[in-house]
Each structure stands twice: as structure tokens, then as C-alpha cells.
Amino acid sequence: GVDANANTLQVEANASLTINSLRTLTVVDKITVAGSGTLTFENNASLVQTTNVTNTGAIEYRRISKPMKNFDYTYWSSPVWGDGIVVPKQTAKNLSPNTLADKYFRFNGNVAVNDWDFYNGTMVPGVGYIIRTPKEGNPWPNGEIVSFPYSQPVAFKGVPNNGNYPFVVDPNELNLVGNPYPSAIRADDFINANSSIIYCALYFWTHNTAIAPSGS
């Protein structure tokens, strides 16, 4: 497979396009997915847009978590949005529908709170969320089969995010922010673009450590 480039991209109704894992689709201008057309990005595939334009129509952006134990959480941020009318809203609940009903959270950085708030609603661009792994089920009603250690497949479905997304940060607040785009972003560019509020290093949490037996 190879990476792909386009000036504009339109996927017609009943047509389908899939970007394979580890490949990048770069589009200069607008993306339109019409009617029943599908534009799918497999795990570790990326979409890059170089112009600040608004897209139309939904994509499916698939990701697979690192292996998790029971009670583990994964940190997610949505690269898509929906208006709830033409395109369904991307919610934390429909990202991981078999997670226990009270195990969806976002961080409340207000200095008077400084704690986790339950939240299973619409995933706001730029906001980070933590969602616990589903319990074992073979299968769950939607066909998801959970067996630990579990690498959870999820699918973000909605209009791909593009452009600028504000995130208000008050003094002395702690926040869990997330990448709002359907591609990686450069840490150096992120720091430089936010130099007025970032005065130190960035620390990245990763779930790459192999799961060890209990007691080790």
C-alpha cells in the first residue's frame, strides 16, 4: 500500500474508500461523503487536511487499544463530530457501548473541584475522556467479545474534525486535553502554538508496558 494525496475528495453515494493501516490520506481542501458512501480509516491510518475548511458527511475512524486488564481505562479523544440530525453525535457511550454505565469520565479542572466527572455524552473536540474496558462478555448484544487481556476495537463515526478548536484553560487548572484531529500532531508545534500558556515539558501517558502477572 501507499499513501494518497488529493486536492478535494468526494465519495459518492454507494461508493466506498478504505485507507489501510499505517497509511495517510492527505487532502488539501474539503472532504464530502455523500449519502450511503463510506470512507473508512483502519487502525493507525491517518487523515491530514492542509486547508481550514468544513467537511461534509461521515467517516469511520477505527482504532484498537493496547491490551487491557479488567478495570483498566483507556484515554480517548474524538476526531469526529455529528450534529445529531444528519450525522449522529459521537458520544463516549456509543464509542464503548458495553462499558459499565457509570465508568465514563472527563476531568473537571476547576480549582474548586479538581476531580473526575461522570460523562457519557457528546465528545467535544480537544477534550480528553477516560473509559473503562467492558466486562467480559461472549458476546455482548452488539457482537463484541471481551476476553482479557483485551485490545478493544472502537470506531469513531462522524464528520472529520478540521480547523481550530479553542480550549479554555484558567490559571492553576489541571486539564485532560485530547488531540481533536484524525491524525497525529507534532508536540513541538503544539507547544509553540500555545507558548503563552505552556511553560514546561509535556508528559505523555502511554499504555505500552506489557501486562505483568499479579504480584510481580
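Residues numbered from 1 in each chain as written. Predicted model: local features only at pLDDT ≥ 70, side-chain atom pairs only at ≥ 80, totals over all residues. Heavy atoms only, no water.

1. Here we look at the nonpolar core
In terms of nonpolar packing, the biggest core is built from 24 residues, with Leu39, Phe41 and Phe156 touching the most fellow members. Mapped onto this core, the elements with two or more residues apiece are strand E2 (9-11), strand E4 (24-27), strand E5 (31-33), strand E6 (38-41), strand E8 (59-64), helix H1 (92-95), strand E13 (129-132) and strand E14 (153-160). Those residues in contact with Leu39, other than ones at most four positions away along the chain, are Leu9, Val11, Leu17, Ile31, Val33, Ile59 and Glu60. (Core = buried A, V, L, I, M, F, W, Y, C linked by side-chain atoms within 4.5 Å. Buried < 20%, exposed > 50% of the residue type's maximum accessible area, 1.4 Å probe, protein only. Helix = DSSP H or I, 4+ residues; strand = E, 2+ residues; numbered from the N terminus. Contact = heavy atoms within 4.5 Å.)

2. Some words on the pattern of salt bridges
Within this structure, the stated rule accounts for four salt bridges. The salt bridge involving Arg62 is made with Glu60; its shortest N-O contact spans 2.8 Å. Owing to a relative accessible area of 21%, Glu60 belongs among the partly exposed residues under this scheme. Between Asp189 and Arg186 there is a salt bridge; the shortest N-O distance is 4.0 Å. (Salt bridge = Lys/Arg side-chain N within 4 Å of Asp/Glu carboxyl O.)

3. Remarks on the sheet that holds E6
Pairing within the open sheet is mixed, and its five strands lie in the order E3-E6-E8-E14-E10. Only two strands of the sheet have a single partner each, and these edge strands are strand E3 (16-19) and strand E10 (80-81). Bridge count between E3 and E6: four bridges; the pairing is parallel. Of the residues in E6, the one forming a bridge with Leu17 is Leu39. (Pairing = 2+ DSSP bridges.)

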